[in-house]
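If you want the building blocks of each chain, they are given just below.
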Amino acid sequence: MMFRPILVITLVILLLHEGNTGPWVAQCPVTNYSEWSKLGPYCVKYFQQPVPFGQAEMKCRGEAPDSHLISIHDGETNNGVQILTGSGNAMVWIGGMRLPNNGNFVWTDGSKWDYTNWVPGQPDGNGDCVQINWNSPGMWDDVQCWSRLGYICAFKMQG
Ligand SMILES: [Ca+2]
């Protein structure tokens, strides 16, 4: 059987994409950020090198203007983050942290704390920073901020 060029090209594109983040996460359309993925209003990237929470946030800030650890405001974004971490669903930092003065959680990008996806029984107060994929894929847990994890950076695409 002969290979049809268009089919071959399509397969190659699918394979390249698959190896990256999965076909349902598109490429970030912002110039110079083609290695990032588009997730809703964000461009996002998974960094695998494990670092403490504060260092992860600082590294995210250095990646792009207004880049931070990702904040999650809906289930679709939460699923996207889970997909970014690949089939292994490694535990990674997202931008949630507990304020020491009042115990409330906030996002490092300053956006509203309006969605959560805690593992049942969490947060249990054994740390002040939020990891995702703990216990079950996509589920959240509060953990010691000095734990070393990979992390997800995000910045909002400008209209
Ligand atoms: Ca916990």
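What comes next concerns the included structure. (Residues numbered from 1 in each chain as written. Predicted model: local features only at pLDDT ≥ 70, side-chain atom pairs only at ≥ 80, totals over all residues.)

### Remarks on helix α2 (residues 53-63)
Stated formally: For the exposure call, what matters is how many other C-beta atoms sit within 10 Å of a residue's own: 20 or more marks it buried, 12 or fewer exposed, and in between partly exposed, using C-beta atoms placed from the backbone. Going along the chain from the N terminus, every DSSP run of H or I of four or more residues is numbered as a helix, and every run of E of two or more is numbered as a strand. Of all possible arcs, the one meant is that of the directions from the helix axis to the C-beta atoms. Here contacts are defined at the residue level, using C-beta atoms placed from the backbone and a cut-off of 7 Å between them.
By the burial criterion, the buried members of α2 are F53, A56, E57 and C60. Buried residues of α2, seen end-on, are gathered within an arc of 100° and therefore sit on one face of the element. Close packing links the buried residues of α2 with β3 (42-51), β4 (68-69), β5 (92-98), β7 (129-132) and β9 (149-156).

### Some points on the nonpolar core
A general tendency of soluble globular proteins is for nonpolar side chains to be buried together. What counts here: To form a nonpolar core, buried Ala, Val, Leu, Ile, Met, Phe, Trp, Tyr and Cys residues must be joined through C-beta atoms within 7 Å.
Of all hydrophobic cores here, the largest spans 32 residues; its most connected members are V44, L69, I70, W93, I94, Y151 and I152. If you list the elements that add at least two residues to this core, you get β3, α2, α3 (75-84), β5, β7, β8 (140-143) and β9. When residues in this core are grouped by element, the largest group, 6 residues, is from β9. Setting aside anything within four residues of it in sequence, one finds V44 in contact with W36, S37, L39, I70, L84, I152, C153 and A154.

### Quick notes on α3
Listing the buried residues of α3 in full gives T77, N78, G80, V81, I83 and L84. Those residues of α3 that are buried lie in contact with β2 (37-39), β3, β5, β7 and β9. Of the residues flanking the end of α3, it is G86, one or two places downstream, whose phi is positive at about 80°.

Such coordinate-based values are descriptive only and should not be taken to indicate function.
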